[in-house]
Amino acid sequence: MLIALIARDKPGALDIRKANRESHLAYIDATGVVNQAGPLLDDAEQMIGSLVILAVADMAAAQGWADDDPYAKAGLFESVELIPWKRVIGG
């Protein structure tokens, strides 16, 4: 199943994001369940969150992935939503 992970950064947390970016990207590569991903941007095109599409067996697997993400462990996110998603167009 596909799950959309939508995470919003805590205000002023850009330094946390930058400091943990390489670990986050390595985690994505190592786990092999990320279908698509990228940062959410503000009007100045600064990173303010993440959109990650996970291809996992169930919601519990998505929650486990989200909990183990280095960004989450570093305390970057103000909020995280996991929402079942259905691809209709693209990829």
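Residues numbered from 1 in each chain as written. Predicted model: local features only at pLDDT ≥ 70, side-chain atom pairs only at ≥ 80, totals over all residues. Heavy atoms only, no water.

1. Some details on the overall build of the protein
Then, in step 1: For the protein, the count of helices and strands is three helices and four strands.
Then, in step 2: Along the protein, helices and strands appear, N-terminal first, in the series β-α-β-β-α-α-β.
Then, in step 3: What you see for the protein is a C-alpha radius of gyration of 13 Å, in line with the 12 Å of a compact globule of 91 residues.
Then, in step 4: Overall, the protein is about 35 × 25 × 20 Å in size when its C-alpha atoms are taken along their principal axes.
Then, in step 5: Classification of the 91 residues of the protein by burial places 29% in the buried group.
Then, in step 6: Restricting the contact set of the protein to residue pairs at least 6 apart, pairs at least 24 apart contribute 72%. (Helix = DSSP H or I, 4+ residues; strand = E, 2+ residues; numbered from the N terminus. Rg over C-alpha atoms; globule rule 2.2 N^0.38 Å. Buried < 20%, exposed > 50% of the residue type's maximum accessible area, 1.4 Å probe, protein only. Contact = heavy atoms within 4.5 Å.)

2. Some thoughts on helix 2 (residues 59-68)
Then, in step 1: Among the residues of helix 2, those classed as buried are Ala62, Trp65 and Ala66. Angular distribution of buried residues about the axis of helix 2 spans 100°; they occupy a single face of the element.
Then, in step 2: Residues of helix 2 that are buried in the fold lie against strand 1 (2-9), helix 1 (14-31), strand 2 (34-41), strand 3 (47-55), helix 3 (70-73) and strand 4 (77-85).
Then, in step 3: Of the residues flanking the start of helix 2, the one acting as N-cap is aspartate 58, its side-chain oxygen 3.3 Å from the backbone nitrogen of alanine 60. (Arc of directions from axis to C-beta. Polar contact = N/O pair within 3.5 Å; in protein donor to acceptor, adjacent residues only side chain to side chain.)

3. Focus: the sheet that holds strand 2
Then, in step 1: Read from one edge of the open sheet, four strands run 2-3-1-4, paired in antiparallel fashion. The strands lining the two open edges of the sheet, one partner per strand, are strand 2 and strand 4. Ignoring strand direction, the axes of neighbouring strands in this sheet form an average angle of 15°.
Then, in step 2: Of the strand pairs in this sheet, strand 1 and strand 4 are connected by eight bridges, and their pairing is antiparallel. Each bridged residue has a counterpart across the sheet, and for isoleucine 3 the counterpart in strand 4 is proline 84.
Then, in step 3: Seen against the sheet, helix 1 touches strand 1, strand 2, strand 3 and strand 4 and runs at an angle of roughly 15° to strand 3.
Then, in step 4: Sitting on the sheet, helix 2 is in contact with strand 1, strand 2, strand 3 and strand 4, with an inclination near 155° to strand 4. (Pairing = 2+ DSSP bridges. Axes fitted to C-alpha atoms, helices over the stretch in contact; angles between N-to-C directions.)

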